[in-house]
There are 2 protein chains.
Amino acid sequence: MSAIDFRLIKKDRDSAARLGSLTTPHGRIDTPIFMPVGTQATVKAMTPEELREVGAQIILANTYHLYIRPGHELVARLGGLHEFMHWPGPILTDSGGFQVFSLGELRKISEEGVRFQSHLDGSYHFISPEDSIAIQEALGGDIIMCFDECPPYPAEFGYVRKSMEMTSRWAKRCKDAHHRSDQALFGIVQGGMYRELREESIGEICRIGFDGYALGGLSVGEEKELMHEIMGYCAPLLPADKPRYVMGIGTPEDLIEGINAGVDMFDCVMPTRNARNGMLFTTFGRVNIKGAAYAEDRLPIDPACSCYVCKNYSRAYLRHLYRSGEILASRLNTWHNLHYYQALMADARQAIAEGRFTRFRQEFYAKRQAS
Amino acid sequence: MSAIDFRLIKKDRDSAARLGSLTTPHGRIDTPIFMPVGTQATVKAMTPEELREVGAQIILANTYHLYIRPGHELVARLGGLHEFMHWPGPILTDSGGFQVFSLGELRKISEEGVRFQSHLDGSYHFISPEDSIAIQEALGGDIIMCFDECPPYPAEFGYVRKSMEMTSRWAKRCKDAHHRSDQALFGIVQGGMYRELREESIGEICRIGFDGYALGGLSVGEEKELMHEIMGYCAPLLPADKPRYVMGIGTPEDLIEGINAGVDMFDCVMPTRNARNGMLFTTFGRVNIKGAAYAEDRLPIDPACSCYVCKNYSRAYLRHLYRSGEILASRLNTWHNLHYYQALMADARQAIAEGRFTRFRQEFYAKRQAS
């Protein structure tokens, strides 16, 4: 028995896009879905109520960060991540793998696991696949991820093959180590930018069998076309009756291409991080609110947007807040960007439901070119 | 005709405390009142809707900061401060005097006004009393303040006398320069820590005649007892039928003592600034949320508090957010502190209304000593 229940509601006729419903222990979510990233048990600058208001249904939390601070055992003693952070809805935790590998010189990989130094205090730590599962079980997310190795880009075929094979062995160890029946475990496909290795990885990960399948190791520096190509040939090879998740993706365009390829779940820091840097997403493309052109601009960020920020604040005021380094700048910018991402996904779901996703995708690009 | 209407509802029997109602062009406020400080056209970390939710009825904005950035003329072209910052309620602007004098070496005072350098880019500026009024008229607050000189502490009697006399001449110039009939103008009493000068200043400022009267030049480094003593002998000398405002004050204790002395209005950055530094106000005294003692504490900041933060978050989580440098830490801490200040004022008003302010004041101190 899986802890989650995935139902396919509709499959698009002209593309691989699909509409689904995923029931988790903490609630049901519509797919395709975008998950805001709550690295340190908070989606930066937002309250849980505001996340609901912008349309978020599930959020992601980072295992590495929470393991380092405040510690997974403390979170467990305080009732788990949902209670700790006052988010009663579904949560997905990553495995910590990607963050640990991002530490570069501070980590060393072996068959057994990864030895690394904390980015906070330089203290030494070791995480094996079994440890990652134990940490994620303590955190208590609805969906947890296998511990994987994410190879850099570019990387030699030989290295990526070895890495991919170890990720498969680690996936088996993760499955064996996982015991909480109220958590789903997703496998992660690796294989870098090599189609042969991606296909082999899919075969191995699917043979082990998981509640859902993720594509890892994308958005690590490769060209957009390559990323979209890999999503395009990988997604259809994943089991149709399980959710498909592309990790760490992406721009609005990446989401549209992912949906077009048949992907159901996405997460990315882009809407939140870019917001804090003054970069706003709109139906007509990106707006850098710092720009002098907005100094006396009475319009909202996006006149076509219905969010709280666009209903109440001018570009001129948002520019003033940003230039003044005000916390409200980060808040309002994050609010708008997350609303944009959630609205985009809701519109995409609606388009799939009404059998017009391909036209929706064309219009999405046309609006940007027109402006 | 004054732009505001002040009604005294009740005068306490055992103290000088008074309950009032102040109607401004942007709404009615209950006095005694605490005004959160929105320096740069935003009360740091809060939306206007949240300010309403914590009970704020009027906010203060800083003329110096808004003159420097984004500029008062820009604010005026965008419809004034209320529209610019999406706060439809009453606003009081200070005169810029205190901020300019705080620049220290960067400013030079003469009878004509103050020449100073911007703290942002070092550019040279000059503000006369007439300029300050013009800037405040452009910003469009409901209540504006006379441009005054705030002497340092300690300061020689001779210096403070000269400064106080110039403040009186500036007050006259401010009144003459003020033309907007939809704005009230308050005079400011100076005189440092010298009773003789304070009394003389009150006489001069009242002779000119204003819509309300403020005590300036307090909380500049003097002992608490001295500050309370000055409030105690100055407030009763101010016209009983006009609002009395003590500027830049203070701690919860200062507010209680001010109310006890018959003061109607207060403002201070303390609840907001301290919040961002992890210092929280409670019925039982101050809490430093950084403390290791709170690492696994499931209690809310103040179990007696009914605010959104205390209803939904543990001290352990707030400590984690603070240590992690999260924006949500500043948000939740500010929310709680402003709620504490507003609830304290609401409770004080209720106590005056019910003729038990003196007992309320005793209980306020008793709760702190008990913990």
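Everything numeric in this text was worked out from a predicted model, so none of it was measured.

With that settled, consider the overall build of chain A. When its secondary structure is counted, chain A shows 15 helices and 16 strands. Taken against the 2.2 N^0.38 rule, which gives 21 Å for 371 residues, the C-alpha radius of gyration of chain A at 20 Å falls within 12% of a compact globule. Across its three principal directions, the C-alpha atoms of chain A cover 60 × 50 × 40 Å. Counted over contacts in chain A with a minimum sequence separation of 6, partners at least 24 positions apart contribute 68%.

Glancing now at the packing of helix α9 (residues 224-234) of chain B against helix α10 (residues 252-261) of chain B. Residues and elements named next belong to chain B. The N-to-C vectors of α9 and α10 enclose an angle of 20 degrees; their axes lie 8 Å apart at closest approach. Considering the angle they form, α9 stands roughly parallel to α10. Crossing of α9 over α10 shows right-handed handedness. Listed contacts from α10 to Met 227, His 228, Met 231 and Gly 232 of α9 are Asp 254, Glu 257, Gly 258 and Ala 261. In the contact of α9 with α10, the residues fall into three nonpolar, three polar and two charged.

Glancing now at the relation of the copies chain A and chain B. Taken as rigid bodies, chain A and chain B are interconverted by a rotation of 180 degrees and an axial shift of 0.0 Å, the fit giving an RMSD of 0.0 Å. Overall, the copies show the geometry of a two-fold rotation axis. Residue Ile327(A), judged by its C-alpha, is the member of chain A lying nearest the rotation axis, at 3.6 Å. Taken together, the interface assignments show that 100% of the residues at the interface of chain A recur at the interface of chain B, consistent with an identical surface on both copies.

Turning to the pairing of strand β12 (residues 212-215) of chain B, a few remarks are in order. All names here are of chain B. Neither face of β12 is exposed, since Gly 212 and Ala 214 on one face and Tyr 213 and Leu 215 on the opposite face are all buried. Sheet topology note: the strand β11 (residues 184-189)/β12 ladder contains four bridges and is parallel. Residue pairing in the sheet places Val 189 in a bridge with Leu 215 of β12. Note that the unit made of β11, helix α8 (residues 195-208) and β12 has a crossover that is right-handed. As defined by bridge partners, β12 adjoins strand β13 (residues 244-246) across three bridges and the pair is classed as parallel. In the strand pairing of β13, Leu 215 is matched with Val 246. Read as a crossover between parallel neighbours, the route from β12 over α9 to β13 is right-handed.

Residue and element names in this part refer to chain B. Viewed as axis vectors pointing N to C, helix α6 (residues 129-139) and helix α7 (residues 157-177) meet at an angle of 40 degrees, and their least axial separation amounts to 8 Å. Accordingly, the angle class assigned to the pair α6 and α7 is oblique. The crossing of α6 and α7 is right-handed. Contact residues: α6 offers Pro 129, Glu 130, Ser 132 and Ile 133, while α7 offers Trp 170, Arg 173, Cys 174 and Ala 177. Per-class residue counts for the contact of α6 with α7 are five nonpolar, one polar and two charged.

Turning next to the sheet that holds strand β2 (residues 18-24) of chain A. All names here are of chain A. As summarised here, the arrangement of the three strands in space is β1-β2-β3, forming an open sheet in which the pairing is antiparallel. Where the open sheet ends on each side, the last strands, each with one partner, are β1 (5-11) and β3 (27-31). Strand-to-strand twist of the sheet, defined as the mean angle between neighbouring strand axes without regard to direction, takes the value 15 degrees. Of the pairings in the sheet, the one linking β2 to β3 comprises five bridges and is antiparallel in character. From the neighbouring strand, Leu 22 faces β3, where its bridge partner is Ile 29.

The next thing to look at is α10(B). The element α10(B) is largely enclosed, with a buried count of nine among its 10 residues. Among the residues trailing α10(B), Gly262(B) stands out with phi positive, at a value near 100 degrees.

This brings us to the confidence of the model for chain A. Counting all residues, the mean pLDDT for chain A is 97, and 100% of those residues have values of 70 or more. Complex prediction metrics read pTM 0.98 and ipTM 0.98.

So, how was this worked out
- Residues numbered from 1 in each chain as written.
- Chains lettered and ligands numbered in written order.
- Predicted model: local features only at pLDDT ≥ 70, side-chain atom pairs only at ≥ 80, totals over all residues.
- Helix = DSSP H or I, 4+ residues; strand = E, 2+ residues; numbered from the N terminus.
- Rg over C-alpha atoms; globule rule 2.2 N^0.38 Å.
- Contact = placed C-beta atoms within 7 Å.
- Axes fitted to C-alpha atoms, helices over the stretch in contact; angles between N-to-C directions.
- Parallel < 35°, antiparallel > 145°, perpendicular 65-115°, else oblique.
- Left-handed = near helix turned anticlockwise from the far one by under 90°.
- Nonpolar A, V, L, I, M, F, W, Y, C, P; charged D, E, K, R; others polar.
- Least-squares fit on C-alpha atoms with pLDDT ≥ 70 in both.
- Buried ≥ 20, exposed ≤ 12 C-beta atoms within 10 Å, placed from the backbone.
- Pairing = 2+ DSSP bridges.
- Right-handed = clockwise from strand over helix to strand, strands pointing away.
- pLDDT = per-residue confidence, 0-100.

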